[in-house]
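Now for the letters of each chain:
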Amino acid sequence: MNRSHPLITALAILTMGFLYLPLLAVAVFSVNATKYGLVWKGFTLDWYIKLFSNELILTAAWNTLVLAVVSTLIATVLGTVLAIGMDRFPWSKRTNTTLDLILHLPVVIPDIILAAALVVAFGLLRIVFSAFEPGLLNMIIGHITFQVAFVALVVRSRLVSLGREVEEAARDLFASTSYLLRRVTLPLLLPGIVAGGMLAFTLSLDDFVISFFTAGPDSVTLPLYIFAAVRRGVTPQIHALSTLVLLVTIILVVGVERMTRKK
Amino acid sequence: MSKLLVWYGELTTSRNLSKRGLMFLSPGMLWLLIFLVLPGLVLILVSFAGRGAYGELVWEFNLENYKRLTGFGIFGWTSDYLMIVWRSVWVAFVTTALSVALSYPLCFFIAGRPERTRYLWLTLVIIPFWTNMVIRTYAWFLILAPELPFAKLAAFLDFIPAGSPLYPNAFAVYLGMVSMFLPFVTLPLYSSVERLDWELVEAAQDLYASRVRVFMQAILPQTLPGLSVGVILTFVPAMGMFVVPDLLGGAKYMLVGNLIQQQFGASRDWAFGAAISMGLMVLTMFSLYLYRRRSKGVDFV
């Protein structure tokens, strides 16, 4: 078995084509001049221009952004503090196992189960607090719940790889607890926190299932909007919107790659 | 009472230390307890409740939902729901197997590129990984549209009536699922393939091992850590997948995810939805258990 056997190369190229053909089709038909059908009628950017006068799409984009920013900020703080709490204190083996299990739950269970559990919980909470109507608040809570786990796992692995020598040296030089945290631990941890936050942000933008279950009529996000629209039938405008979302994703991914590879 | 101790350069008592530790743990852990563990427990409770005439929950302990899930209804035993559960497991299995089969050549190919283009290829696999799944799923509508050659070919071969798209059906679900989960296998697998010791492979070839044996005995054991992460990252979410079967399978190819969504949406039967979720949870736990037994010491993240 040669690793650059022509058969392997051919299969690999075909597989890449399989991954990208649908996405390319979306991009191509987003600049197609006809509204109906998939026959090429010439190049146009009309569908992109029309996007920016579509009130519903602009609201959905705004909701997506608010949801992602708010949930990421809260989840990053909670996750970072949690990671420090788990890694830097002498917990018994049993406590550690329990904490670890809870932390891995949102990572391993299918998201539809978390979504179902949240629907039921919010439904019961609504009996007492009317604030838990389906809507942005519920979505933010849902997103934070899975983001916290991912942030904590990323930050914790950074804490483990940092080791404790620097912190111990700071203690030996009479650093107080808060000084140690502010001037030693957090600065060393910053790349991990940024990576965790970016992961959380992308997870939020990418999420469909949790949002679908917890959203209300006024809190439609872009993935929800696209889902509802394509069930009625695909239009070039949806292709244009999807292409823009795809471009944002590519920029985010390439940006994160650049940032993490320099280290 | 509390003993004095030195903890990484700090002179403190164990009570002080655990008090501070709790301060760090509690915000995040409380959040997870309130919005993850507690809802999970409530879901278990609800799965034993009933449904009122208007879709409200009736708090009366019964096993009706589980009986319904396993097929015991008022009209005798039917296999409808069990079929959907079984189909989900099967689809997840086939999706995983196909993704693995396609990932090996792709990983070998990327690992064989010169260093400068290797990251470009890798980034090309990472981009779909992070692209929204609704977009990646509906994109198949275009490829499978009646105007394009694929649907025309299928119509010519009499699989579908002329002029109709190549969805919704089982084939479209498999297409969508494999393209959705392929990067989930490729990325972890690549981290193992990159570190592969090719001298072992060459040694096996020098000793006249057949291609199958070279793969089974020289490549597979070396790539097992990455492969098993990829398999679990694909199999578990694939069982609960709901976007792909909803858009590409329609009513013709329902999976557990659709069944759950139906109970929380149109049917408004939360208790039954909770029971199906529990069924999916049991399947998830069982696959994780198998995974842990087969590959000790492999980490997810």
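Asker: Explain the overall build of chain B here, please?
Answerer: Along its length, chain B carries 12 helices and six strands. Rg of the C-alpha trace for chain B: 25 Å, well past the compact-globule value of 19 Å for 301 residues, more than 25% over. In terms of overall dimensions, chain B has C-alpha extents of about 80 × 65 × 35 Å along its principal axes. The buried share of chain B, taken over its 301 residues, is 42%. Within chain B, residue pairs in contact and separated by at least 24 positions form 64% of the contacts whose partners lie at least 6 positions apart.

Asker: Just to check I follow, could you spell out the overall build of chain A for this structure?
Answerer: Each helix and strand in chain A was counted, giving 11 helices and zero strands. Rg of the C-alpha trace for chain A: 23 Å, well past the compact-globule value of 18 Å for 263 residues, more than 25% over. Considering only C-alpha atoms, chain A reaches an extent of 75 × 65 × 35 Å along its principal axes. Buried positions account for 40% of the 263 residues belonging to chain A.

Asker: I'm lost on the packing of helix α10 (residues 222-232) of chain A against helix α5 (residues 133-143) of chain B in this one. Help?
Answerer: Two packed helices can be described by the angle between their axes and the distance between those axes. In the contact formed by α10 of chain A and α5 of chain B, the axes pass within 10 Å of each other and the chain directions differ by 20°. Considering the angle they form, α10 of chain A stands roughly parallel to α5 of chain B. Taken as a pair, α10 of chain A and α5 of chain B cross one another with a handedness that is left-handed. For the pair formed by α10 of chain A and α5 of chain B, the contact residues are Pro223, Ile226, Phe227 and Val230 of chain A on the first element and Val134, Ile135, Tyr138 and Phe141 of chain B on the second. Partitioned by chemical class, the residues of the contact of α10 of chain A with α5 of chain B number eight nonpolar, no polar and no charged.

Asker: Help me understand the environment of isoleucine 140 of chain A, please; the structure alone is not making it clear to me.
Answerer: Along the chain, isoleucine 140 of chain A turns up in helix α6 (residues 136-162). Other than its neighbours up to four places away in sequence, isoleucine 140 of chain A contacts Leu67, Val70 and Ser71 of chain A.

Asker: Just checking my understanding: could you explain the packing of helix α3 (residues 80-111) of chain B against helix α7 (residues 170-194) of chain B for this structure?
Answerer: Residue and element names in this part refer to chain B. At a minimum axis distance of 6 Å, the contact between α3 and α7 shows a crossing angle of 45°. Viewed along their axes, α3 and α7 adopt a mutual orientation that is oblique. Taken as a pair, α3 and α7 cross one another with a handedness that is right-handed. Counted by class, the contact of α3 with α7 contains 20 nonpolar, four polar and one charged residues.

Asker: I would appreciate a short explanation of the interface of chain A and chain B in the present structure.
Answerer: Accessible area lost upon the coming together of the parts is a frequently used measure of interface size. At the interface, 77 residues of chain A touch 77 residues of chain B. Element by element, the count of residues in the side of chain A that touches chain B is highest for helix α1 (residues 6-29) of chain A, at 14 residues. Across the side of chain A that touches chain B, the residue classes tally to 58 nonpolar, 11 polar and eight charged.

Asker: Would you explain the confidence of the model for chain B in this entry?
Answerer: The predicted coordinates should not be examined in detail at positions where pLDDT is low. All names here are of chain B. In this model, chain B carries a mean pLDDT of 88, and residues with pLDDT of at least 70 account for 97%. Contacts of residues 297-301 to residues separated by more than four positions or lying in other chains number nine contacts, the stretch itself having pLDDT below 50. Interface scoring of the predicted complex returns ipTM 0.89; its pTM is 0.89.

Asker: Explanation requested: the pairing of strand β2 (residues 10-13) of chain B in the structure shown.
Answerer: Look at any regular strand and the pattern is simple: side chains alternate between the two faces of the sheet. Residues and elements named next belong to chain B. Direction of pairing for strand β1 (residues 4-7) relative to β2: antiparallel, over a ladder of four bridges. The partner of leucine 4 across the bridge, within β2, is threonine 13. Between the antiparallel neighbours β1 and β2 lie two residues, among them tyrosine 8 with a positive phi of about 45°.

Asker: What is the right way to look at the nonpolar core in this model?
Answerer: The nonpolar side chains of a soluble globular protein tend to be buried with one another. Core analysis: the largest hydrophobic core is formed by 145 residues, its most contacted members being Ala116 of chain A together with Trp140 of chain B. Per-element tally for this core: the top contributor is α6 of chain A, with 14 residues. In contact with tryptophan 140 of chain B, other than residues within four places in its own chain, are Pro22 of chain A together with Tyr167, Ala172, Leu175, Gly176 and Leu248 of chain B.

Asker: Teacher, can you tell me more about the confidence of the model for chain A here?
Answerer: The share of residues in chain A with pLDDT of 70 or more is 97%, and the mean pLDDT across the chain is 90. By mean pLDDT, the top-scoring element of chain A is helix α3 (residues 55-87) of chain A (96), and the lowest-scoring one is helix α11 (residues 236-262) of chain A (85).

Asker: Please explain the environment of threonine 131 of chain B as it appears in this structure.
Answerer: Here threonine 131 of chain B is to be found in the loop between α4 (115-130) and α5. Judged by the 24 C-beta atoms lying within 10 Å of it, threonine 131 of chain B is buried. The sequence separation of threonine 131 of chain B and glutamate 199 of chain B amounts to 68 residues, and the corresponding C-alpha distance is 37 Å. In this view, threonine 131 of chain B contacts Leu246 and Thr249 of chain A together with Arg136 of chain B; residues no more than four positions away in its chain are not counted.

Asker: Looking at this structure, how should I read unusual backbone geometry?
Answerer: Residues other than glycine predominantly adopt negative phi, and peptide bonds predominantly adopt the trans conformation. Look at the link from tyrosine 167 of chain B to proline 168 of chain B: it is a cis peptide, with omega at -5°. Even without being a glycine, phenylalanine 174 of chain A presents a positive backbone phi close to 65°. Within the fold, phenylalanine 174 of chain A resides in the loop between α7 (165-172) and α8 (177-206). Positive phi, normally seen in glycine, also occurs at tyrosine 8 of chain B, with a value near 45°. Here tyrosine 8 of chain B is to be found in the loop between β1 and β2.

Asker: Explain the environment of valine 248 of chain A here, please?
Answerer: Residue placement: valine 248 of chain A occurs in helix α11. Classification of valine 248 of chain A as partly exposed rests on a count of 14 C-beta atoms within 10 Å.

Quick notes on the rules
- Residues numbered from 1 in each chain as written.
- Chains lettered and ligands numbered in written order.
- Predicted model: local features only at pLDDT ≥ 70, side-chain atom pairs only at ≥ 80, totals over all residues.
- Helix = DSSP H or I, 4+ residues; strand = E, 2+ residues; numbered from the N terminus.
- Rg over C-alpha atoms; globule rule 2.2 N^0.38 Å.
- Buried ≥ 20, exposed ≤ 12 C-beta atoms within 10 Å, placed from the backbone.
- Contact = placed C-beta atoms within 7 Å.
- Axes fitted to C-alpha atoms, helices over the stretch in contact; angles between N-to-C directions.
- Parallel < 35°, antiparallel > 145°, perpendicular 65-115°, else oblique.
- Left-handed = near helix turned anticlockwise from the far one by under 90°.
- Nonpolar A, V, L, I, M, F, W, Y, C, P; charged D, E, K, R; others polar.
- pLDDT = per-residue confidence, 0-100.
- Pairing = 2+ DSSP bridges.
- Core = buried A, V, L, I, M, F, W, Y, C linked by C-beta atoms within 7 Å.

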